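An overview of the molecular structure
Residue strings, one per chain:
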Amino acid sequence: MSKKFKVSRRAFLQTAGVGAGAVVFGSYLTPALQAQGLISNLINGFPVSGVPVVALKVNGDVVIIAHRPEMGQGIRSSLAAVLADEMEADWKRVTVKQADADAVKYAVIFPSEVPTNYPLPHPYEKIPGTQKPKVQYMVPPEGSQFADSSRSMTAYYTVMRLYGAGIRLAMIRAAAKKWGVDPKECRAEKHRVYGPGSRSIGGRSIDYRWLLLGAGKETPTYEEINAALKKPEEFRYIGNGKEKMPFVDASDMVQGKAVYGADVDVPGMLTAMIERCPVANGILLSYDATPALAVPGVRFVLPVLPSGYPAGGVGQGFIPHAGVAVVATNTWAAWQGRRALKPTIQWNKGPHKDYDSTEFRKELEAATATSDKTKRVRNKGNVDAALGTPVKATYYVPHLAQAPMEPPAAIALFKGGRMEVWAPTQNPDGAQQLAGQVALGLPPCPPNDEACQEKMRAAATLHMTLLGGGFGRKSKPDYIVEAALLAKQIPGVPIRVQWTREDDIKFSYYNAASSQHYEAALGADGRPTALLQRSALTSFFGTLFPNFDTPGLSAAQVAGAAVVRAETFGGGEYPYASGIERAQGLEDMPFDIPNIRIENCQARNHIRVGWMRSVANIYHAFGICSFADEMAHAARRDSKDYLLELIGAGRILPLSAEEVALYRNNELPVEIIKVPFSGGKITQVLPGFPPDTRRLRGVAEAVAKVSGWDEKVKQYKNMKGRGLGIAVHRSFLSYVGIVADVSLNDRNEVTINDIFGVIDCGLAVNRDRVMAQMEGGIVYGLSYALLGEITVKTGAVVQNNFDDYPILRIHQTPKIHTYIQDPPADVVKEYEGNVPPTGVGEPPTPAVAPAVANAIFAAGGPRIREIPFKKFVTVL
Amino acid sequence: MPVFQLNVNGKGYAVDIDGNMPLLWALRDILGLKGTKLGCGVSQCGACTVHLDGVAARSCSVDVGVACLSKITTIEGLSYDGGELHPCQKAWVDLGVPQCGFCQPGQIMTAAALLRANPHPNDEEIDAAMRGNICRCGTYPRIRAAIHKAAGDATS
Ligand code: FES
Ligand code: FES
């Protein structure tokens, strides 16, 4: 037995000892040990580490741990159903329990046999002063619970299946032994094993609960479990399974029983509202607590940041903005107290006090107008020689706020030197470590210092609530740090920090404002012979890592941070984009063009920048898919036919051959790798996810077909004010095609009639939730395309609430038609029949804006090159 | 402070609070009814929707001093006598409407009030009644379908 299995097993036993979240083994002593024995056997036989996601109870019921945050993507149902399906569990006997933050426990470790050249998500060995981790992670702790980048299913699909199949196999064998028959003649179905012969003619069957003891003695090997995995046509719940997929939270949600961040009641809790410095990195000078303390119910008025703490903003990661908290017995008292406090506060607004987003836009556009100071991120052939008199266009996307329906909220209790936190978060591990750091009063850990991280985790417990939407906002735990900092000052009293909508709109981590510039030479046949592309965007890592726009730092601190950032995030260095942002629709521009040059421009950071659903794909897809349509019109071609020609027959993008240094493929490997396990007895296909334009072509053709493109184009030609637009985009490893059908009347009022969306996300595990994410992602895309804009004046965000930062409403929502598309047959074959599931939360969004812009143009409207479209057409 | 008599979900409560406190906070912080949500605080989103005498109202913008004059129903009291689910709740589950679910208590309260006033609304009537309720997850197409289903009508 290899060393890493011992590690895993210990972790599991600890879990069992403390109750595995909510699985109380202790109360069922003997059978508990039986069940534990089975799970331990499974863990020891796996080529991946023991991720403690399942436990069996004495009555045979199964408890599945939801270790990832639930924010509306349905992951609590979907991952549990993957395990239940393979296990042949009767869903009525499944309970799903939410885990606490515990990132190391849920990390997935590679088997020792994995080749050392397997592309790891994080190149630890390259970071100076950090240690290479002792184990090779397939899903590292920092990603094991972090719900970002639409990765939950991709990362855990196989693990959940292996557990389920292992349990099923052990149950079948236990039953076969009991009956003295060959296990090959037995099968499992919904918590029962059936023996030879059919049910009707006296065949035997037995419930799982009577098999726990025997199953606990079984030790199915990895090879056997792997061989026992179901074929797609055998799925019960997932994929095209015959039974309805479960949806664990729906009933609670419609009755108001579902518990979100602000809904947790901790006895003795006080509520805090915080008046924050409106400008990033601004410092608190003075305030007068008297008027706030005069409000009945107000108990404390406190600065959020202890003295000596830097104020949050550019380069300060998740440290909150400077602020003063009003802590009261109820929310309304805190709200009124804050109102009374506000006029008494003096801020030093610091170096970003003159930031103006309108001026900044000019800076971004100037940056994309020239190749000066740009970084070349992809190059093929000779663009300069081929350009001639090009078609040109520049596109702009402003700052956008995620605006999840639930404004941020968090509760913290500091007691006995530890922090206990209840919060809705996409980033439980990051939040737990930061809470621990506050509890201990220590500076942040150096990157990848595992011992330090463990110390921080040990000082805090974090309970995950449901998220009332995340969209990237809740991967930034600044609001949790606020709660912890206040709790530290009022030991023994649980403190709930409640944000208002105004707080949420004014203190987001905004999606970067971006300028995109394109130039193309069209050949005699109308097709491009050369494409030049420049992108300017403020990197999230400018907010996360200290840099020369962060006040109060020494040159050495800035230089040190720059090295870590550059090495960790694919050559990203301030003020350029990171490898992650470049890989979101920039470096992987999909069109087949003989000469290509892609450049990344400088863009500085003056406000907190963070990620919003689909992130850099938002502006990259808007730019390239709009420009594709502009080229089609310049060439007098049908937009869809031209798009298919741009994509070409389909290929795997040869990015490294075209000078892309390190393509960060959503932090997952590009290549499919076949690894021999168990001394070569079996071959494991480790999923790789190459950017494959065969699949892009597949969704483009499919969406053209389901939208009736060809017929409608003919029909609309003779109609005034009606048009179709198409766009396609790969993001988070999935492929999406969108067609928009719009009307534009004489008063320049636009109506979106229909949106057609097709997704290829490999195996669609939970088809209903994939559809739901498609519908929701399309609405999200329409919302920012038509209406979204955050502006900044004198360093402060101008918008306040849904009246001036509008969100798409029901009467503005078109008919939405969504389809799930299988990958092309040759792709399926390359994956040996099992195309792994890929992202669905973010991929539906990016192609919506360009499809609508293209449709508005086709309907006789203006060529819209910036978001929001409401500046050019009237959205009713 | 005066004591207000609140009638919530058929139960009487005497609450000793500031009469200007919005009903939303009285429900959540004082009565512990957490199903009614804060979305915007300014009558823009509908997440806080309750019924006052059977009519949909934004609890973030109704003071306790006014709300005490009406019978208040919250999402916790919508299902008949706390037992069977309201037809909207059933339809919402059947069609898998919720994503994050946060806006849904407010959506359902608005929809239930609509169906009480207009048992068979068409799409335009649904849009008109529901346009005050934001769903950031974008569940609008299923909300429309679920209202038709709750009304016993085929989706138009
Ligand atoms: S919270 Fe009352 S309408 Fe938004
Ligand atoms: S379901 Fe998330 S806001 Fe409506």
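The rules behind each value
Counting from 1, residues in each chain are numbered in the order their sequence is written. Think of it this way: whatever chain is written first is A, whatever ligand is written first is 1, and the rest follow in order. Residues qualify for local features only when their pLDDT is at least 70, as the model is predicted, and side-chain atom pairs are given and counted only at 80 or more; totals for whole chains, interfaces and linings, by contrast, use all residues. Side-chain metrics in this entry use all non-hydrogen atoms of the structure; hydrogen atoms and water are not considered. In this scheme, strands are said to pair when DSSP sees at least two bridges between them. Secondary structure elements are defined from DSSP: runs of H or I of at least 4 residues count as helices, runs of E of at least 2 residues count as strands, and each element is numbered from the N terminus. Helix axes are fitted to C-alpha atoms over the stretch in contact, other axes to C-alpha atoms as well, and angles between N-to-C directions run from 0 to 180 degrees. Contact between two residues is taken to exist if any of their heavy atoms lie within 4.5 Å; hydrogens are not considered. We define buried area as the total accessible area lost by two parts upon association, computed with a 1.4 Å probe and summed across both. Salt bridge criterion: a side-chain nitrogen from Lys or Arg within 4 Å of a carboxyl oxygen from Asp or Glu.

All names here are of chain A. The mixed open sheet is built from three strands, whose spatial order is 1-2-3. Pairing within the sheet leaves two strands with one partner each, and these edge strands are strand 1 (54-56) and strand 3 (94-98). Between one strand axis and the next, the sheet turns by 25 degrees as a mean value, whatever way the strands run. Bridge count between strand 2 (residues 62-66) and strand 3: five bridges; the pairing is parallel. Paired with Val-62 across the bridge in strand 3 is Val-94.

What follows concerns the pairing of strand 2 (residues 11-16) of chain B. All names here are of chain B. Where strand 1 (residues 3-8) and strand 2 come together, six bridges link them in antiparallel fashion. Looking across to strand 2, one finds that Val-8 is bridged to Lys-11. From the end of strand 1 to the start of strand 2, which pair antiparallel, there are two residues, and Asn-9 there has a positive phi angle of about 50 degrees.

Next up on the list: the sheet that holds strand 20 (residues 514-522) of chain A. Residues and elements named next belong to chain A. The sheet built from five strands is open, its strands ordered 14-22-21-20-15 with mixed pairing. The open sheet has two edge strands, strand 14 (375-380) and strand 15 (391-397), and neither has a second partner. This sheet shows a mean twist of 10 degrees between the axes of neighbouring strands, independent of strand direction. Bridge analysis of strand 14 against strand 22 (residues 595-601) gives five bridges, and the strand direction is antiparallel. Bridge assignment links Lys-380 to a residue of strand 22, and that residue is Ile-596.

With that settled, the discussion passes to the interface of chain A and chain B. Facing the 59 residues of chain A at the interface are 48 residues of chain B. Summing the contributions of chain A and of chain B, the shared interface buries around 4500 Å²; its carbon and sulfur component is 58%. When residues of chain A are sorted by the area they lose upon contact with chain B, Val-254, Met-405 and Ile-810 of chain A head the list and together hold 19% of the total. Counting across the interface, chain A meets chain B through six salt bridges. Note that Asp-768 of chain A and Arg-142 of chain B form a salt bridge whose closest N and O atoms lie 2.9 Å from each other. Counting residues per element, the ones that place at least two in the side of chain A that touches chain B are helix 9 (250-254), helix 11 (331-341), strand 19 (495-498), helix 17 (501-506) and helix 25 (767-787) of chain A.

The next subject is unusual backbone geometry. Residues and elements named next belong to chain A. For the peptide bond that leads from Tyr-574 to Pro-575, omega is 0 degrees, which places it in the cis range. The residue Pro-575 is located in the loop between helix 19 (555-568) and helix 20 (579-582) in this model. For the bond running from Ile-867 to Pro-868, omega is 5 degrees, close enough to zero to count as cis. Tracing the chain through its elements places Pro-868 in the loop between helix 27 (848-858) and strand 31 (874-875). The phi dihedral of Glu-659 is positive, around 70 degrees, even though this residue is not glycine.

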